[in-house]
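This is what each chain is made of:
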Amino acid sequence: MKLRVLGCHGGELPTCKSTCFLVDDVLALDAGALTGTLSLEELCRVDHVLVGHSHFDHVKDLPLMADLVIGRRDKPVTIYASRECAKALRDNMFNNALWPDFTRIPTKSNPVLRIKTFRAGGTFEVGPYTVRSVPVSHPVESCGFIISNGKSSLAMSGDTGPTDKLWKALNETRNLKALLVETSFPNKLQSLADISGHLTPATLAKELQKFERNGASVLLYHLKPAFVAQLKKELAHMPVEVLELGDTFEF
């Protein structure tokens, strides 16, 4: 699997982009930086978007993507979302008020976007990949993902505070090459992280004690732009890598 980092922050500034990763040029993990990073030709090659939860920074480019690729693809882009997330997208985004309902445009039978729901905790197929969803700890329904192409596996924590289900699932995964894991706030904002369902370097260190790495890389994302420098200082002694925009990996 080829992984491209389109966005790896928990918010946006001119040098920061919201969460979005691209696998093998066709599968997007979250949609925080699709239209602001990819060319139109690259955008049209994205067949699937796997969404971890409904918060704006993870879904914000879906409407703009729909508007850009209409008439340029012969099949819909499929958005995979948990039941609660799918409902939020339908009710609050593609509702003909905030944005046109591109799940019915240009026609109901051949739309630009198709939303396909999954049960949080279920396993399903996304093109050539098998995806295991794992409920994690966040104020809204949020899932981590373990993605396999049959040869290797890649995991993403999604937005989460301390959790147990994810680490159990990861420890059961064969050929896990890398884990993308969120770390949002510096240690001085531990109480805010706890309330909002996010990790700090201190809680990340405790969480990683639950993880049987077996050589897997731990790649950090979702750093809040206002605290990137402080977070990097607090993470410097840990056996992890902080992702940067434009990073690419082969697994």
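Above this note sits the structure.
Residues numbered from 1 in each chain as written. Predicted model: local features only at pLDDT ≥ 70, side-chain atom pairs only at ≥ 80, totals over all residues. Heavy atoms only, no water.

Trainee: Please set out the overall build of the protein residue by residue, giving values where relevant.
Mentor: Tallying secondary structure elements over the protein gives eight helices and 14 strands in all. Its C-alpha atoms give the protein principal-axis dimensions of about 55 × 40 × 30 Å. Within the protein, buried positions represent 55% of all 251 residues. Across the protein, the fraction of contacts at a sequence separation of at least 24, relative to all contacts at a separation of at least 6, is 58%. Total accessible area on the protein is roughly 10,900 Å²; 51% of this is exposed by carbon and sulfur atoms. (Helix = DSSP H or I, 4+ residues; strand = E, 2+ residues; numbered from the N terminus. Buried < 20%, exposed > 50% of the residue type's maximum accessible area, 1.4 Å probe, protein only. Contact = heavy atoms within 4.5 Å. Areas by Shrake-Rupley, 256 points an atom, 1.4 Å probe, with all protein chains shown as cover.)

Trainee: Account for the pairing of strand β7 (residues 123-126), naming residues and giving values.
Mentor: Here β7 shows one buried face, formed by Phe-124 and Val-126, and one open face, formed by Thr-123 and Glu-125. The hairpin formed by β7 and strand β8 (residues 129-135) contains two residues between the paired strands, and Gly-127 there has a positive phi angle of roughly 55°. (Pairing = 2+ DSSP bridges.)

Trainee: Quick one: what's the story with the state of the cysteines, residue by residue and with numbers?
Mentor: Inspection of the entire model under this criterion finds zero disulfides. The structure places no disulfide on Cys-16, whose sulfur is separated from the nearest cysteine sulfur, that of Cys-8, by 7.8 Å. A residue is classified by how much of its surface remains accessible, and Cys-16, at 7% relative accessible area, is buried. Cys-8 provides the cysteine sulfur closest to Cys-20, a residue in no disulfide bond, and the two sulfurs are 11 Å apart. (Disulfide = S-S within 2.5 Å.)

Trainee: Let's hear about the nonpolar core: which residues, and what values?
Mentor: Of all hydrophobic cores here, the largest spans 30 residues; its most connected members are Leu-34, Val-49, Leu-62, Met-65, Ile-79, Leu-89 and Leu-113. Of the residues forming this core, the biggest block, four residues, is contributed by helix α3 (residues 62-69). In this view, Val-49 contacts Ala-28, Asp-30, Ala-31, Leu-34, Leu-62, Met-65, Val-77, Thr-78, Ile-79 and Tyr-80; residues no more than four positions away in its chain are not counted. If you look at the next biggest cluster of nonpolar residues, it comprises 27 residues, including Phe-118, Phe-124, Leu-219 and Tyr-221. (Core = buried A, V, L, I, M, F, W, Y, C linked by side-chain atoms within 4.5 Å.)

Trainee: Kindly report on the pairing of strand β1 (residues 2-7), identifying the contributing residues and their values.
Mentor: Side-chain positions along a regular strand alternate between the two faces of the sheet. Bridge count for β1 against strand β14 (residues 248-250) is three bridges, and the pairing is antiparallel. Paired with Leu-3 across the two strands is Phe-249, which belongs to β14. In the sheet, β1 pairs with strand β2 (residues 20-23) via four bridges, with the strands oriented antiparallel. Following the sheet pairing, Arg-4 is matched in β2 by Leu-22.

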